[in-house]
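# Geometric and topological summary
Residue-level listing of the chains:
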Amino acid sequence: MTETPLFRRVALIGIGLIGSSLARAIRRGGLAGHIAGHARSERTREAAVALGLVDSIHADPVAAVAGADLIVLCAPVGAYADLGAAIGPHLEAGAILSDVGSVKQAVIRDLGPHVPDGVHFVPGHPVAGTEHSGPEAGFAELFDGRWCILTPPPGTDAGVVERLAEFWRRCGSHVEVMEPAHHDAVLAITSHLPHLIAYTIVGTATDLEDATEKEVIKFSAGGFRDFTRIAASDPVMWRDVFLNNREAVLEMLGRFTEDLTALQRAIRWGEGDKLEELFVRTRAVRRGIIEAKQA
Ligand code: NAP
């Protein structure tokens, strides 16, 4: 499935799970004349070359963005302010600066001030991932059939947004344009809170007494194991997500805590009808996800 390159030179800043998957999807679709990569560590740079993910690899992000007409930040969002300060003055007029970060308001706060006049800033978030990290973990099909959300600031050239949307469609995604604050609220409940709950349950279980802890592993197929998959996600990436989507996560956490307390009360008072009514509703949500082919 080779098509006309959409971009002359794409610079990927960070080549972990998402950056390397994007590199593979770009290659699969023939979407760039040249893929330039930047990674912090020599180990990742060597892996990116060995895996054939990039046409050039750079220890300095400034060298990676030189001459690029699309730059995509694929590092943890806590690194964006420094990366923006470093690459901002070297971005070419007409280029599109985008990213894949899991939060959007903080990305606009941290990167926006570093975007020079003439450079188009269109933040993005592919809602696709796994619990694995690093360049080896990526695969070209990661974005197939998944949503990519774009959050262009007001006044962004519609043609530029469409060009980036077309790029993501050719990477396999469906594309939706959203307000950054709305994105952060939606993702707080669909992604960030579930991760927080998984981290909590697994943490609580590992704090149990030694003998019980061994049984937690042995009998994990009872449900616990599904939480451990989510709780194995990258610690630095998720630290940055919670620190940078603070308000929305705290809001959803407040609602969740109230609902949990209501369930606690229903169990204490033997109110089986309340429990059953909720479980019937939640089962329907699962069916909806399967029907939408997002399972
Ligand atoms: P990852 O596999 O851990 O890869 C992160 C990459 O960023 C690595 O190449 C790393 O370089 C580089 N990096 C880390 N800190 C850096 C810094 N301070 N300066 C420059 N480069 C740095 O992470 P990922 O899962 O691909 O996540 C990357 C981004 O995608 C995050 O913003 C995350 O919010 C977003 N995202 C993740 C998922 C998911 O499910 N994982 C889904 C959607 C969006 P080294 O390897 O050299 O350390």
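Right above here is the structure, for reference.
So, here's what we can say about the structure. Throughout this document, residue positions are counted from 1 along each chain, in the order its sequence is written. Local features in this predicted model are restricted to residues whose pLDDT is 70 or higher, and side-chain atom pairs enter the listing and the counts only when it is 80 or higher, whereas totals over whole chains, interfaces and linings include all residues. With hydrogens and water stripped out, all remaining heavy atoms of the structure feed into the side-chain values.

### Quick word on the sheet that holds strand β7 (residues 124-127)
Consider a sheet: its strands pair through backbone hydrogen bonds, and that pairing is either parallel or antiparallel. Strands sit in the order β7-β8-β9 across an open sheet of 3 strands; the sheet is mixed. If you trace the sheet from one side to the other, it starts and ends with β7 and β9 (174-177), each paired once. Between one strand axis and the next, the sheet turns by 20° as a mean value, whatever way the strands run. Two residues form a contact once any of their heavy atoms are found within 4.5 Å. Axis definition: a line fit to C-alpha positions, over the contact stretch in the case of helices; interaxial angles, taken between N-to-C directions, run 0 to 180 degrees. For the purposes of this entry, the term helix denotes a DSSP run of H or I that reaches at least four residues, the term strand denotes a run of E that reaches at least two, and both are numbered from the N terminus. Lying over the sheet, helix α6 (residues 158-170) contacts β7, β8 (147-150) and β9, oriented at roughly 165° with respect to β8. Only strands that DSSP links by at least two bridges are regarded as paired with each other.

### Focus: the side chain of Ser-21
Counting through the fold element by element, Ser-21 comes out in helix α1 (residues 17-29). Residue contacts for Ser-21: discarding those within four places in its chain leaves Gly-16, Gly-138, Phe-139, Ala-140, Leu-142 and Phe-143.

### What about helix α4 (residues 80-87)?
Relative accessible area decides the class of each residue, using a 1.4 Å probe on protein chains only: under 20% of the type maximum gives buried, over 50% gives exposed, and in between gives partly exposed. Among all positions in α4, only Tyr-80, Leu-83, Gly-84 and Ile-87 are buried. When α4 is viewed along its axis, its buried side chains cluster within an angular range of 100° and face the same direction. Contacts made by the buried residues of α4 are with β1 (7-13), α3 (61-65), β4 (70-73), β5 (96-99) and α5 (105-111). Think of the arc as the fan of directions from the helix axis to the C-beta atoms.

### Some thoughts on the site of the ligand
By convention in this text, a residue qualifies as near a molecule or strand provided that one of its non-hydrogen atoms is within 4 Å of it. Close to the ligand lie 29 residues, the nearest being Ile-15, Ser-41, Thr-44, Ala-75 and Ser-102. Note that an oxygen atom of the ligand is positioned 2.8 Å from one of the backbone N or O atoms of Ile-18. Contacts described as polar in this section are N or O atom pairs within 3.5 Å, which, within protein, must combine one atom able to donate a hydrogen with one able to accept it, while residues neighboring in sequence count only if both atoms come from side chains. Arg-40 places a polar side-chain atom, nitrogen or oxygen, 2.8 Å from an oxygen atom of the ligand. Look at the ligand: alone it shows 900 Å² of surface, and the protein chains cover 86% of it. Put simply, the parts of the chain that give the shell around the ligand at least two residues each are α1, α4 and β7. Its residues assigned to classes, the shell around the ligand shows 15 nonpolar, 12 polar and 2 charged. Exposure was quantified through the Shrake-Rupley algorithm and a 1.4 Å probe, taking into account, for residues, occlusion by the shown protein chains and nothing else. Residue polarity follows a fixed list, in which Ala, Val, Leu, Ile, Met, Phe, Trp, Tyr, Cys and Pro are nonpolar, Asp, Glu, Lys and Arg are charged, and the others, Gly among them, are polar.

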